[in-house]
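A structural walkthrough
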Amino acid sequence: GSDTADAPNIDSSRIDPELQAMLPDDVRESGILEVASDVPYPPFEFYDTDGKTVVGLDPDLGKAIGDLLGLELRFNAVTYDTMIPSLASGKYDLAFTGMSDTPDRQKQLTFVDYLTTGGSFLITGDSEEQPAALEDLCGLSVGAQSGTYIVEFLQTQVAPGCPAAAQLDLSQFTGQDDLVNALRSGRVDVAVIPSPSAGYLVETTGDEFDVSMSLDVGLVGIAFPREDAQLAAAFQAALQHLMDDGTYAEILDSYGLGDNVLTEATIDAGSV
Amino acid sequence: MPVRPLRRPWRWGAGAVIIVVAALLARSIATNPRFEWSVAWDYVFSRQLAEGALMTLQLTVICMVIGVALGITLAIMRQSDLWLVRRAADLYVWFFRGTPVLVQIIFWFNLAALYPVIAVGVPGLEPWVTLDANTIITPMAAALLALGLNEAAYMSEIVRAGLLSVDDGQREAAQSLGMSRARIMRRIVLPQAMRVIIPPTGNETIGMLKTTALVSVVAVADLLYVTQTIYSQTFQTIPLLIAASIWYITLTTILSIGQARLEKRYSRGAHEVDTTPWTHRVRISLARFHAPVPRRLS
Amino acid sequence: MPVRPLRRPWRWGAGAVIIVVAALLARSIATNPRFEWSVAWDYVFSRQLAEGALMTLQLTVICMVIGVALGITLAIMRQSDLWLVRRAADLYVWFFRGTPVLVQIIFWFNLAALYPVIAVGVPGLEPWVTLDANTIITPMAAALLALGLNEAAYMSEIVRAGLLSVDDGQREAAQSLGMSRARIMRRIVLPQAMRVIIPPTGNETIGMLKTTALVSVVAVADLLYVTQTIYSQTFQTIPLLIAASIWYITLTTILSIGQARLEKRYSRGAHEVDTTPWTHRVRISLARFHAPVPRRLS
Amino acid sequence: MNVHTPLILAEGVYKRFGRTEVLRGIDLAVAPGEVCCIIGPSGSGKSTLLRCVNHLEKIQAGRIWVDGQMVGYADHGDHLQELPDREVQRRRAQIGMVFQRFNLFPHMTALENVVEGPIGVSRRPRAEAEEHARWLLERVGLAEKANAYPRHLSGGQQQRVAIARALAMRPRAMLFDEPTSALDPELVGEVLTVMKALAAEGMTMMVVTHEVSFAREVADTVVFMDEGQIVEHGPARDVIIDPQSPRTREFLTRVS
Amino acid sequence: MNVHTPLILAEGVYKRFGRTEVLRGIDLAVAPGEVCCIIGPSGSGKSTLLRCVNHLEKIQAGRIWVDGQMVGYADHGDHLQELPDREVQRRRAQIGMVFQRFNLFPHMTALENVVEGPIGVSRRPRAEAEEHARWLLERVGLAEKANAYPRHLSGGQQQRVAIARALAMRPRAMLFDEPTSALDPELVGEVLTVMKALAAEGMTMMVVTHEVSFAREVADTVVFMDEGQIVEHGPARDVIIDPQSPRTREFLTRVS
Ligand SMILES: Nc1ncnc2c1ncn2[C@@H]1O[C@H](COP(=O)(O)OP(=O)(O)OP(=O)(O)O)[C@@H](O)[C@H]1O
Ligand SMILES: Nc1ncnc2c1ncn2[C@@H]1O[C@H](COP(=O)(O)OP(=O)(O)OP(=O)(O)O)[C@@H](O)[C@H]1O
Ligand SMILES: [Mg+2]
Ligand SMILES: [Mg+2]
């Protein structure tokens, strides 16, 4: 946290003075941003084999943006429960944690969108149920992580369309690991999880899991306190710069997220 | 001759400090805009939180009933004169106090992952009954099992302390009347042990209100879980936590009143409980100083 | 004439059932491939879990020290003859038992959101000292504050029950020797109350081992948090929870042994503690039946 | 066993606590309707002997019979069979005991203390038990304290409630451990009256006491114990007025 | 106050528990070195009076002085000032008290019970306090029980430890609540010897007892209490042998 008063660690070779000029004065001077991140949330952020260093898509992208702006982004592990109060209290400057950009949340925070996201239907490798469309979920036992946009999506877009005889049986779980456990033990037939996570999961666990279908729903953004619009704008410009020069696509590809790229860095464009 | 009570200036000073600090804190909390009191109040009366509170209360009551009943049984088992019974109870307490209740919940809930089929029968032969673990262990059942069994281990320690506090002479006097062990426990020992058992049991009950939040890992929607679900969507963390705290503190107050009632009931004959309301007591102590000395009688 | 002890066939039957069930369970647990024992064992001895366990132990010890010290103070305050002191302590207990400890941790951690600057001084005047809340309240400080202050509320109830269990005659006898209140408390009342205080305090300590997991919300890496962190990346949930449980049960065992020692120490003079090892006891009871009747002495 | 079967019979009773030998071979017979007083210095094992008769202590050797039934064991000819709890309880209910430290149940009123046994053990109807209890409390002079808790009674009052509690079980024999130790002389007189009435009704009694004058009044036989052994045993007058053993004589001369 | 200042002086002491009037105007003076025995029926308020002298009970009216100092209050001429705890404690340390139910500290051995006061209150060095304690235990015949816990002592042994504990504070006055109630006659003699020696050393004593013979032996003056009042008060022989009040006479005739 804020007790690290040491000098920022910046690679000055890539600094773009034009972008740097967009930063608020105090940020530019300190050269450090404290980032709140809900580690681990693979592939966005997770611990390296040493169990301490935070790695993943967000740190990589953060490093690329920081290089352009002449800033060091220090990632701190913080859970969702404390994230918003911590941003409000000034403990952290921004939240960079694969956070979905939704209209509700835009009332509290400003988002710089950097990824599309969707829901993937995760099933076990030997599953009999292979839902390939939204209607296929009707009558099944479906699990989702509580508090995600997916729950709201399933409740508002899917459940009402199901016939009375085959209602959507939705269970919510706090952690992704609880959800995966429920899928393993056969408590839920399908787990609908954010597509970035689903891809990573299938890759890491071999043939234990499969994705039977994916759908695009929303955007993922870097979150700033609403009063820090200037900082958000600087980030937007830097991200656009990375999109334009191809660094962005490279980073996403290295995490198998080529399908989720955006071409334009937007602010508060999430609408679900 | 009038009597002047002891002057204890530092006491009044301390009292004044307490009152001032309390008042300042109260004002600062009530007026701080970051608490968003209006949002908090709206949520307090929302259906979702009310339902969550109801679930929390249900879980607490059921788990405490399981915990107390099994805890008393275990405490008595631990005084058994059969070595195996004593050790079995010790083992139970050791194991359930030793493992995190979170692990226990996950274990029960995911029993199916470990034992997809529960077979009852003699090992080696065809099982008599075969049950699908997922069907019989609903999330609710898993939560109740884990919290109830876990609580029993803690309760057994509390009951054991209570039994220790009763003088052996009481058991002997009851034995000499020819009372059975069970009756001695029920009529003589437990009622006296209650004075010592109730306060820590109050702790456990009030603690359980909060521990039930762990069941969210198996998607049972208790109060804290409902709160977290809402604020992880809307990001109104602080007002929502305040709303939940108002519910918790209300439930705690109700339970504390129940505790005080029980304590009073079980302290009959045991020690002076001054039940005079304090306003009345002030009046008495003032009156005492002005009361005429009773007529000389001898 | 030889003496035959009472035959209690159901007892031996129950014993046999307990042993068989325990053995079957043990075998089934040891051989079930889903537990992935080898993975679990690897993690038990990993640096990460060991460090997590150390953090958990540290937090537990510090928070319990705060909790016990403040809890005793509160329990004594609640017996004060000054109304305000009594009520202030009651209010403390009510408030801290009433709010979830999660909320308390978040509150302390984010004190800065509510009070960015902590000013000490007389209201209305220039403050004497001004502190940046974010600098002084580190995650660790927030965790210790929240858990310690919360624990004190629970401990005060336990101590109160203990004080209730000591006969008033003890206080009177000590008073008649001219002992001061503080000394009576320290030398006469508390040592006797300890028998009743220790078991529930053991509960609290062992419970605290698990409660420290809540500090993960402020990213203090205790044992359970470290475990969860690992399995939410590797999805090896069950073997990791087993590894954590092995650590927890080890720590619990150590604490339980400490508890038993303390209990024994404070039961001196209080009731018969049979310290004969049980192997020896069996030998004694066998010997008794064969012992010659002592010579007639009168 | 004799032709006149004793109601209480002890044979070679030996008892130790750890290494302390407390009873070292006690032989004693108390006939039905007999009042036997046990006197002796402090720590000589008087209380322990009473407790053994009620099977509150297991003895290490010897045997005790009450009303022809062995205490704690059944005699099966070639071996002794430990008795089940239920049987031990049934036999205890037939022996009333008044403890040296009273041991009243503090959470029950005087009346509740007295009716607990009859209602809970003998299964008498409450109304009948309460009537009997009130009558007993009146007999010990505590009619108006029926609803007081033990804490609010003086030592003497507690002692008398304990006597009423034991009598309420209508026992075959009564064991008193220093029944008058907390009573003033006036009440000693009252208790004496109660005990004499009991004796007249044929109640067998073993009374540990340190008041020789009391023993003289109430006892048929007197036992003098010292260091876990019976030193002298005989008719009250003989033992008290003309003791044979020098130890007894020494003890009695100290009595002013 | 008289010319011969009494060591203990009570004036119009009135005490009630709730509605029960327990002491109804007690006037009493005990001279230095005097042994004053209080006799009377059970529940007459004897124990309560002793407790008031030690300020273990607050009285509702009247005043008590010990050694010229008012108990619990300071006399400021026009008003009484409640004393701070420290002062009350200092005065209590000068008065020894032996309780009817002993109240030994169960978690301490006999020796530890006896040295607790001298070490903790009078701040004596441990070695000196233990030496004195052993001497006191020997005096009450318990030298060999110094390391026993109260639970393992018989009633009489506990009683004597309690006496030693009170004496260890070298008090100006001793209050005994039925000091012989748990003792056998032999030990009563021993305690009597101890008490007589104390009296010879000039110790002032108030002794509640129900043994008239004991009172006759040890007392200078005897007080007869009934229903919270002093009915008769005078030299021991007068009150016991030739009581003036019919109530006292009635009480004493019951003594066998
Ligand atoms: N539970 C026990 N453990 C160890 N020793 C004991 C126990 N109970 C009694 N004793 C010892 O046994 C001896 C006899 O005790 P008991 O109470 O029978 O004496 P007593 O004759 O009734 O004496 P008193 O007249 O003082 O009541 C005493 O020396 C006592 O210290
Ligand atoms: N704490 C109390 N609350 C209510 N009543 C009490 C309390 N203590 C004593 N009493 C009552 O006060 C009266 C006097 O009690 P006290 O103990 O002084 O009698 P005593 O003369 O010492 O009797 P004994 O010889 O039986 O010990 C009794 O009737 C008793 O019931
Ligand atoms: Mg005895
Ligand atoms: Mg008394």
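Report follows, based on the coordinates. Just so we're clear, the structure is a prediction, and the values are computed from it rather than from any experiment.

Further remarks concern the site of ligand 2. Neighbouring ligand 2 are 18 residues; D:His152, D:Ser154, E:Ser42, E:Ser47 and E:Thr48 lie closest to it. Ligand 2 sits at the junction of chains D and E, each of which supplies nearby residues. E:Ser44 places a polar main-chain atom, nitrogen or oxygen, 3.2 Å from an oxygen atom of ligand 2. Here an oxygen atom of ligand 2 and a side-chain polar atom of E:Ser47 are 2.6 Å apart. About the coverage of ligand 2: the protein hides 86% of its 630 Å² of free accessible area.

Residues and elements named next belong to chain E. Strand order in the open sheet formed by four strands is S2-S1-S4-S5, and the pairing between neighbours is antiparallel. Of all strands in the sheet, those bounded by a partner on one side alone are strand S2 (20-30) and strand S5 (69-70). Bridge count between strand S4 (residues 61-66) and S5: two bridges; the pairing is antiparallel. Paired with Val66 across the strands is Gln69, a residue of S5. Strands in contact with helix H1 (residues 46-53) are strand S1 (8-17), S2 and S4; relative to S2, the strand with the most contacts, it is inclined by about 60 degrees.

Its rotation angle being 180 degrees, the transformation that places chain B on chain C also includes 0.0 Å of axial translation and leaves an RMSD of 0.2 Å. Taken together, the rotation and translation relating the two chain copies correspond to the operation of a two-fold axis. Looking at the interface residues of chain B, 97% of them are also at the interface in chain C, so both copies use one shared face.

All names here are of chain A. Applying the stated criterion across every chain yields a total of one disulfide over all chains. Here Cys138 connects covalently by a disulfide to Cys162, the sulfurs 1.9 Å from one another. Between Cys138 and Cys162, the S-S torsion sits near -80 degrees, and that sign places the bridge as left-handed. Separated by 24 residues along the polypeptide, Cys138 in the loop between strand S6 (109-124) and strand S7 (141-145) and Cys162 in the loop between helix H6 (149-158) and strand S8 (169-173) bring together distant segments of the chain. Residue Cys138 is classed as buried on the basis of its relative accessible area, which comes to 18%.

The next point concerns a nonpolar patch on the surface. On the surface, B:Leu57, B:Val61, B:Ile62, B:Val65 and B:Ile66 cluster together into a nonpolar patch covering about 370 Å² of accessible area. The residue B:Val61 is located in helix H3 (residues 47-77) in this model.

What counts and what doesn't
Residues numbered from 1 in each chain as written. Chains lettered and ligands numbered in written order. Predicted model: local features only at pLDDT ≥ 70, side-chain atom pairs only at ≥ 80, totals over all residues. Heavy atoms only, no water. Near = heavy atom within 4 Å. Polar contact = N/O pair within 3.5 Å; in protein donor to acceptor, adjacent residues only side chain to side chain. Areas by Shrake-Rupley, 256 points an atom, 1.4 Å probe, with all protein chains shown as cover. Pairing = 2+ DSSP bridges. Helix = DSSP H or I, 4+ residues; strand = E, 2+ residues; numbered from the N terminus. Contact = heavy atoms within 4.5 Å. Axes fitted to C-alpha atoms, helices over the stretch in contact; angles between N-to-C directions. Least-squares fit on C-alpha atoms with pLDDT ≥ 70 in both. Disulfide = S-S within 2.5 Å. Buried < 20%, exposed > 50% of the residue type's maximum accessible area, 1.4 Å probe, protein only. Patch = residues over 30% accessible without salt bridge, like charges linked within 9 Å, V, L, I, M, F, W, Y side chains within 5 Å. Salt bridge = Lys/Arg side-chain N within 4 Å of Asp/Glu carboxyl O.

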